[in-house]
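Examining the three-dimensional arrangement
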Amino acid sequence: MPTLAERLQAVLAPRYTIATEIAAGGMGVVFLAHDGLLGRRVAVKVLAPELATAAAIARFRREARILARLAHPNIVPIHDAHAGDGLFYFIMDYVDGETLAKRLAAGPLAPSEATAIGIQLLDALALAHDAGVVHRDVKPANIFLHNGRALLADFGIAQSADGGETARTRTGERPGTPDYMAPEQVTGGAITPRTDIYSLGAVLYEAATGRRWEFATRPARAQWSGVPPRLARALKGALEPVPADRWPDAAAFRAALRPARQPGRWAYGVAAVVILAVAWWAAPVLLNDHDAEASVHRTRHQDLVLLPFTEGDSAQLGRRLTRYTGLRLGWYPRWTVASPDEPTAADDAEPDTIQFEAHGALARRGSGLTLVLSVNSHGKLFDSFEVPGTPDSILEWSRAIADSTVRHLFPAEAGEFIDLAARSAGNLQAYRELLEGDDAFQLDNMREAERRYVRALRLDPDFAQAAWKLMLVHRWERSDAGPGLWQFYREHGRDLPALYRSLTAAQLEPDLRTRQARLAELADSFPRRGVARFIQSDEMFHRGPLVGIPLRDAVESLMSGAAEDPYLDQASTYDHAAWGYIRLGDEAGTRRALAERGRRTARRSSREGDLRAAFMRLASDARFHPWRASIKKWWLARTADSATVQALSDYLRLGLSFDIPEMQIGLSEVLLERATSDSVRVQAQIAEALAMMMLGRVDEGLAEFDSAAALEPSEEMRLQQLEWRVMPELFGFPQRDSAERSAALNGLTAQANGGSLAPRAAWDLAMLAVARGDSSAVAHWDPIIHEALDDAGVARLDRLLHANETAARGHPDSALIISDPLFLTDSAGRLGGPFARSAFYLERGDWLLRMGRRGEAGKSWDWYENTDMSGWPHGPPQAGEVDGVLSTVARLKEAEIARANHQPVVACRYVDRVRELWAGADGPVRALLAQYPDSSCTR
């Protein structure tokens, strides 16, 4: 007689291959299997045949339906459910990790780890409760830990929150696990979302203390030793025996666990990104055409300010020693340190925001020198000590001063700090280059900063501090010149402070949602460490819209964060804030950001920084004062030299990300007039083509693209020539002329039947077939795609196609689950093709809308606010540029939601902007606005 595994294998063949049984218990058996189609491991849960009564089958199917409804990164997802040969089974993600129960067998978790797990699980429970589902069996054995993520599993005994769809159980059975049951669950009372809140509270209490929660204990009488006050308060609110006394919902429990956010926690700065390069730096009227506005109020905290160490009549040695000491102290992330020559430090900080202020004096002791350091706290002497040394060994002396300072001021951190400092660079010249690089950074001269950090690393390849700063400059400058994050992590990880190590690891997280959450947690954990907030804000600004974070949230946080943290008070912070405000059409915000930038650079600047300021003003004028931008363009066309032409080529194609395609066209024309090479002409023609398409001038845009393809006849450009003629129709653009469309489809067919890009051409044709309901055509192109599934990009295209087919068959909920892993796209948006990311977000929004989830649909359609591109755009169009072109379609979709929600002002804001962009559009494109008559909007 065949075993259960053999029977299941016969049903699953040929796609799945059973490997081994990995769990058994309750009513199901779980097997590990290999998905031969997608090349991945999955878990197959099958109902034990001997238990397959009608009630058990109904319960098993119900679990599958519940999981299908709950698409969330902290719930183990289901992919499919079937029955065959008398077996009932469903296929889930295989979680390659241990359960929380197994982890707790080794001892309790750190409170911060227990808190992080709780926040993630409450996110999952909030979704379940909103969907009307109560889990009823939250316990450590049903929680998996995988790559820093907690996943909730086993909804087998879940029930509807209103009790209308209860799980089937035997008479007298109390579903759940007694050690984690809420009192009402044990006594047969009403089951509500607060039942899960109690169970999770019991789990987190055990996780933080190593002790089981005693049933029905009053929290005030429980043992809370070793539990931090904030965590204890949150757990007490969850563990009240009477449901009415508990947290009212998962959101309230989560808010109690999460540290309070201060304004601007997201703040920061991605670097000096500009929109254009121009030749009018010598014309003051063009550089200074905005009135200054009042600076925002800034109240900052500094743990330690180092005043210059003095030495008789000469301060040279003292100043050098101060800076080297400050570099060492500032590298450790548990405190903030400022030196007096930093314009964002002591001179901007109010006295009551400084914890310690150190005054050093160099004194003679016999034939040697010693530093006498006096530390004041709030105007009173706190401590005083001496550190002897010699100018010939200034690095060793600065290390001794730093070590002594930490022992006296921050004794709890001394051991870790001294161990880390012992592994820092010992090359004096490398330190000098690092200081020069820091000075250049303060002047907004990123190229010089990069050059200095590179020199420091050449002098000392193990200089982790220089490597870290170089990595940040490359990130800020959108440069691909440096080593990748993985290489940086491998080479320097062990010498990085824990915070920087964690920040690097978080940036390597492929899931964009998890990456945002981890960076936010690090910024919360180090609230006074600007670098953590900066990297979080960098991610939030560029990629937040890809996970539902509005661009305005990121921009406002940039401004408030710069007011709070000296590290964030940088010109590039205000550049990015201005960029976001321009994109949002907020003139007042733009003026405020540019005024703050002017304040920040008023005392010291560089030519590079001055150019950057000019670029941002030109972008502002292009959006809010086009006549002034026209004058600047005229001037530029007559004064541009070869260096300016090269800069224009680099920066030109960011115009769509500022929502100013007209300026991208204008500067493309300047570049074409001055171009001296085909590569520059191609860059200008692609930029012009994309901007024209965004403006609805599709015929002109395609003509420009054809000209670019003639100069650069690569396979990618040839394929995009065809794609731009048919793919936009998937998203609402009018179809091309029938003859032109047929020619494009024939060209795609030829591409799909041969060449390195055949799978993508086949995907294009299959997506078009799904749109017209031609399943036989989809089946025709599927094999070409499946032959290349070893390529990650093609596998993602296949998943998106599968989701689209599923939605077309009337299952948008399943389509959402199938497509959910596509949030694993990287910073270049590599979903397999330039149109795939736009398809992913536009289609998901449509599926959500069909399910009545308007708010989530709107967030999906906000994806176009991203500025997620790989470096400075060159060559064939990227996904981020396609996002810009299709942003008009998304805005019209959002207008529909606003009208349905009775928000006419919001609807008109979207429609009016599209009307502005499409003022000169082709007739068929402009006709799309017919459903939005002028009378429907109040201008």
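See the structure printed just above.
In this report, we go over the structure that sits alongside the text. Bear in mind the structure is a predicted one, so any value in this text is a computation, not a measurement.

**Comments concerning the overall build of the protein**
Counting its regular elements, the protein contains 40 helices and 15 strands. For the protein, with 939 residues in total, the buried portion stands at 57%. When the accessible area of the protein is evaluated, it comes to approximately 36,800 Å², of which 52% is carbon and sulfur surface.

**Description of the nonpolar core**
By size, the foremost hydrophobic cluster in this structure holds 91 residues, and its most contacted members are W724, W763 and W918. With 10 residues, helix α31 (residues 758-771) is the largest single contributor of residues to this core. In this structure, W763 is in contact with M727, I785, L797, L800, L801 and A836, ignoring residues within four places of it in sequence. Core analysis: the next-biggest nonpolar cluster, separate from the first, contains 68 residues, L317, V387, I401 and V406 among them.

**Side note on the sheet that holds strand β14 (residues 368-377)**
Read from one edge of the open sheet, 5 strands run β12-β11-β13-β14-β15, paired in mixed fashion. Since the sheet does not close on itself, it has two edges, and those belong to β12 (337-338) and β15 (380-389), each with one partner. Sitting on the sheet, helix α10 (residues 316-330) is in contact with β11 (302-306), β12, β13 (354-365) and β14, with an inclination near 160 degrees to β11. Together, β11, β13, β14 and β15 form the strand contacts of helix α11 (residues 394-409), whose direction differs from that of β15 by roughly 150 degrees.

**A look at the packing of aromatic side chains**
Per the stated rule, a full pass over the model turns up 19 aromatic pairs. On the numbers, 5.0 Å between centres and 50 degrees between planes, the contact of Y431 with F463 is tilted. Note that Y431 is positioned in helix α13 (residues 428-442) and F463 in the loop between α14 (446-459) and α15 (464-476), a separation of 32 residues in sequence. Using a relative accessible area of 1% as the deciding quantity, one classes F463 as buried. Relative to F658, the ring of W579 lies with its centre 4.9 Å away and its plane at 5 degrees, an arrangement referred to as stacked. Taken together, the positions of W579 in helix α21 (residues 571-584) and F658 in the loop between α25 (642-651) and α26 (661-674) put the pair 79 residues apart, joining distant regions of the chain. Among the aromatic side chains, those forming a connected cluster through ring pairs are F823, F840, Y841, W863 and Y864. We note R909 situated over the ring of Y910; from NZ or CZ to the ring centre the distance is 5.6 Å.

**A few points about the packing of helix α24 (residues 626-639) against α26**
The N-to-C vectors of α24 and α26 enclose an angle of 15 degrees; their axes lie 10 Å apart at closest approach. Taken together, the axes of α24 and α26 are roughly parallel relative to one another. Relative to α26, α24 is oriented so that their crossing is right-handed. Of the residues in α26, those in contact with K633, L636, A637, R638 and T639 of α24 are G666, L667, E669, V670, E673 and R674. Partitioned by chemical class, the residues of the contact of α24 with α26 number 4 nonpolar, 2 polar and 5 charged.

**Thoughts on the pairing of strand β8 (residues 143-146)**
The alternating pattern of β8 places I143 and L145 on a buried face, while none of F144 and H146, on the opposite face, is buried. Two strands pair when backbone bridges link them, and strand β6 (residues 98-99) and β8 are joined in this way by 2 bridges, in the antiparallel orientation. Paired with E98 across the bridge in β8 is L145. Of the strand pairs in this sheet, β8 and strand β9 (residues 149-152) are connected by 4 bridges, and their pairing is antiparallel. Bridge pairing links I143 to L152 in β9. Adjacent in sequence and paired antiparallel, β8 and β9 are bridged by 2 residues, among which N147 carries a positive phi angle near 50 degrees.

**Things to note about the environment of S814**
Take S814: it is sitting in helix α34 (residues 812-819). A residue is classified by how much of its surface remains accessible, and S814, at 26% relative accessible area, is partly exposed. Residues S814 and D80 lie 734 residues apart in sequence; the distance between their C-alpha atoms is 8.6 Å.

What counts and how
Residues numbered from 1 in each chain as written. Predicted model: local features only at pLDDT ≥ 70, side-chain atom pairs only at ≥ 80, totals over all residues. Heavy atoms only, no water. Helix = DSSP H or I, 4+ residues; strand = E, 2+ residues; numbered from the N terminus. Buried < 20%, exposed > 50% of the residue type's maximum accessible area, 1.4 Å probe, protein only. Areas by Shrake-Rupley, 256 points an atom, 1.4 Å probe, with all protein chains shown as cover. Core = buried A, V, L, I, M, F, W, Y, C linked by side-chain atoms within 4.5 Å. Contact = heavy atoms within 4.5 Å. Pairing = 2+ DSSP bridges. Axes fitted to C-alpha atoms, helices over the stretch in contact; angles between N-to-C directions. Phe/Tyr/Trp six-rings, centres within 6.5 Å; stacked < 30°, edge-to-face > 60°. Lys NZ or Arg CZ within 6 Å of the ring centre and 35° of its normal. Parallel < 35°, antiparallel > 145°, perpendicular 65-115°, else oblique. Left-handed = near helix turned anticlockwise from the far one by under 90°. Nonpolar A, V, L, I, M, F, W, Y, C, P; charged D, E, K, R; others polar.

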